[in-house]
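# Close look at the chain arrangement
Okay, here's what each chain looks like letter by letter:
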Amino acid sequence: MSVRIRRGLCRSLIASLILVAASAIGFAAEVHGRVTDSLGAPVAGAELALIQGGKIVTSGRSANDGTYALRTGQSGHFYVVVVSQTFRQISTPAFYAGVLDSHLQNVVLEPARVNQQVVVTATGTPTPQAQVSGAITAIPQPEYRNRAIIVNPMRQSPGTFLVQQGMYGGITSLFVRGGNSSATRVVLDGVPIENIGGVFDYSGLATTGIKSIEIYRGANSTLYGADAAAGVVSLETPRGTTSFPSLLYEGDAGNFHTYRNAVQAGGTWRRVDYYGGFDALRSSNALPQDEYHLNTESVNLGYAISSATSLRVSARNADAAVGLPGAYNFTALTNDGKQSDQNTYLAGTIENQTTETWHNLVRYGLTRKREQTAQWYPAGVPMVVGSTDATFTNYYGLPVRIQGANGYSVVGQVLMNYGPAFGGVYPNSSDSANNRDELYFQSDYRFTPHLTGMLGFRYMDERGRYNNPAFFLHEDLERTNYDYFAQFAGDFKNRLFYVLSGLIEKNQLYGTVGQPRVGLAFFPIRPGMGLIHGTKLTFNFSKGIQEPDLNSQTGSLQTILGLYGYADLIAKYNVPPIGGQTSRSYDGGFEQTLVNERLLMKAIYFHNQFDNQIEFVDGGSLSLIGVSPVVAAAVEQTYGGASVNSLAFRAQGAEVELLGEISSHIFGRGGYTYTDGVVQQSFSSDAIGPQENPLFPGVEIGISSPLIGARPFRRAPHVGFVGVTYTTPKWFVQVQGSFASRSDDSTFIGSFSSLSGDNSLLLPNRNLDSAYAKIDVGGSYQIKPQVAVYGQLDNLVSDQHIGPIGYPSLPFTFRAGMRFALGHSKK
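One structure accompanies this document, and this report is about it. Within each chain, residues carry numbers counting from 1 in the order of the written sequence. Restriction of local features to residues with pLDDT of at least 70 applies here, the model being predicted, together with a cutoff of 80 or more for giving and counting side-chain atom pairs; totals for whole chains, interfaces and linings are based on all residues. Side-chain measures were taken over the full set of non-hydrogen atoms in the model, leaving aside hydrogen atoms and water.

### Examining the overall build of the chain
Formally: Helix and strand assignments follow DSSP, with helices taken as H or I runs no shorter than four residues and strands as E runs no shorter than two, numbered in order from the N terminus. Within these notes, the globule rule equals 2.2 Å times the number of residues to the 0.38 power, and the radius of gyration is based on C-alpha atoms. When accessible area is computed with a 1.4 Å probe and restricted to protein chains, residues below 20% of their type maximum are described as buried, those above 50% as exposed, and intermediate ones as partly exposed. Whether two residues are in contact is decided by their heavy atoms: any pair within 4.5 Å suffices.
Looking only at helices and strands, the chain features 10 helices and 45 strands. What you see for the chain is a C-alpha radius of gyration of 28 Å, in line with the 28 Å of a compact globule of 827 residues. Dimensions of the chain, computed from the C-alpha atoms along their principal axes, are close to 105 × 65 × 50 Å. A buried classification covers 57% of the 827 residues belonging to the chain. Residue pairs in contact within the chain that sit at least 24 positions apart in sequence constitute 66% of those at least 6 positions apart.

In structure tokens form, the structure reads like this:
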């Protein structure tokens, strides 16, 4: 017998003897904790089963105080299933426990018919949604089954409004409670993934590799730092849970040459859990030269050092490319351009449950976002324009009628590309990068069952780059920021829940700022059986801060005017250096359970104030304040325009939502949001002054930003949604509708962009963008346990006015395919 074999047998024998000895003297893995309802009250007599590999290892019941303990002589990955009368059956997340480990696993039971989940964005720690005062919508993975991109599922939330500028791959922005689209922090596994300054395009987020979506409405800079001035979107990567390798494949195809392939695999092995996903989406879209492709890879690896300490690394990469047809409804021609994006995100986390009351977390986050744009030739009709003293050639679209939803219309030709006299160089290209490295530490301690304190520190190194060889432009920026935060959260007698938190941030650009937050939730009547039984009152107050994006910093109005020798204009219009943008928000409302906890109704009033906001000034507006047309054109081509902290507005309104179980197989949810936004300060009003179209005398128009007293652009005052899901072991059917009223906007076609050289292609801002109703239907049928067919029908009414004016939306689309699940446990 070889030495290697003898050593292997010795190791096996020693391990077996240790296990036998441990069993003989009573050593075993212990899983213990407390079973409570969603308000923290103990649940006695709940039945618990410890599951490993799909089999019950041991079982037990909770005591009168809700505590339980389950013991086993085995080690590995487990989860606990809990059943109790009047509550929904709950399965905990999978966890690792060794033979000698004692693992803490508290369990929160949900009402049997109203789905309220455990959420993180409100307090930074897993908290039952019933105990949270903040307005949160949790969208689990089954809600976006069959979907390719997360855009449409995110419309199923009150207080939010998504605007997609075009078709697949078109820039998609999220407006939360009337705030700017850049005022929402987006995190993946806790790591910020938006551009520096908050800009984020949701069109590049495939549903593959996304386990859940949380949307927090309201400023939350105290926990998430800068850019959470209006809200937070939190995304989570799936984890492997099965004791065997499992694989899921989806393949489908549809109209507009659309096809998708997705593969996901996961499982557990000893101390390791693993997940990996790949998704490839292709579409020609409905316009020429607007092809789109998106490849997404996602991975999540966890290693249990012990039952109390774990190491986890998750990563996501997305490569996208799309045509740049431009505002087709303004030109009747498509531009010959392309945009490519490569986005990589990584989170590395060490988590330790130091004691049963003390938890610590350290996380490193990496964000690498690169973008390239290219235009091959100057699409458009060459037209000689100018005066008798000087003429030049630019490229224009075909004559079109531009029709607004407000009934106004104009006819003319719109500039597509500049000629050589105004710096037009073809082919041309540009590239940019937004890179971020983050180090985050969080320590939370439970002083009593009714009080938890948390301290944290965040360090960020942000770097940006922009290159435009045609204009000999190369810019690099770096910001080093850090912040400290503290929070106390707790309750009084499981009826009054509170959170008090504060943050101090040192930002390299705008200095040191402090942000407070207060949240209260009170149950005068606990949920229970009855027609109307269970009332929750909520109140929240917070302040937020948002840093400028890199383009706003490099292309600030003060910088540009100084660069081109317009110091007199800086003094004349009191143009400030670019700085931070601030917000203040408060809301109050109630939640009411109805019909024996089958239904839950929510109603909230909110009031947000946004000050020192960045306002965009286009080339035409620059010429109106005294900048030469040549310089203004160069600024528009290189930076898209100039930026200045000159905008202030208020957004108040109300949200109403009703959700619950209609029957044992049907779940429904619907909501409505009214937003009253009013601009209080505007560069367009104060410096440039209102403009007029000579065809509509007396009607004041804001060219590139709204006027004082008007509504902020692209925020519909009335937004609603409805969703109904039917589920059986074989059938899944889902109907979702999204609705929006008309919203204010601009054609952005001033004298600079019109062939006629005047404002004759401007339309009044009020109600310029169309109202819409978008209806989607999806479903699947389980042929066998491993095989299913599915289909998705989007935009049934084929409404092509879902986006802003000028940008046609995708008409009716369909996709149909098959789903295969593979994997089995070892025998």
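That covers the picture; the talk isn't over yet.
### Side note on the sheet that holds strand 30 (residues 415-417)
Going by this rule: What makes two strands pair is DSSP finding at least two bridges between them. Here the axes come from fitting lines to C-alpha atoms, over the contacting stretch only for helices, and the angles between their N-to-C directions go from 0 to 180 degrees.
Taken in spatial order, the 3 strands of this open sheet run 26-27-30, and their pairing is antiparallel. Strands with a single pairing partner mark the edges of an open sheet, and in this sheet they are strand 26 (381-386) and strand 30. On average, adjacent strands in this sheet sit at an angle of 60° to one another, irrespective of strand direction.

### What to know about the pairing of strand 40 (residues 666-681)
As judged from the 14 bridges shared by strand 39 (residues 642-661) and strand 40, these two strands associate in the antiparallel manner. For valine 656, the partnering residue across the bridge sits in strand 40 and is tyrosine 672. Bridge analysis of strand 40 against strand 41 (residues 718-727) gives 9 bridges, and the strand direction is antiparallel. If you follow glycine 671 over to strand 41, its bridge partner there is phenylalanine 721.

### Some points on the packing of aromatic side chains
Filter applied, for reference: In summary, the pairing rule links any two rings of Phe, Tyr or Trp, Trp by its six-membered ring, whose centres are within 6.5 Å, and it sorts them by plane angle into stacked for under 30 degrees, edge-to-face for over 60 and tilted for everything else. Here, over-ring charges are defined by two tests on the NZ atom of lysine or the CZ atom of arginine: distance to the ring centre within 6 Å, and angle to the ring normal within 35 degrees.
Enumeration according to the criterion identifies 16 aromatic pairs in this entry. Seen from their ring centres, tyrosine 249 and phenylalanine 820 are 6.4 Å apart, and the 25° between their planes marks the pair as stacked. On the criterion of sequence distance, the pair formed by tyrosine 249 in strand 19 (residues 246-254) and phenylalanine 820 in strand 45 (residues 813-822) is long-range, its members being 571 residues apart. Given the relative accessible area of 30%, phenylalanine 820 is considered partly exposed. Through a chain of ring-to-ring contacts, three or more aromatic side chains come together here, namely Phe457, Tyr482 and Tyr484. The cationic tip of arginine 145 hangs over the ring face of phenylalanine 732; the distance from NZ or CZ to the ring centre is 4.1 Å. The positively charged end of arginine 819 is found above the aromatic ring belonging to tyrosine 790, 4.5 Å away from the centroid.

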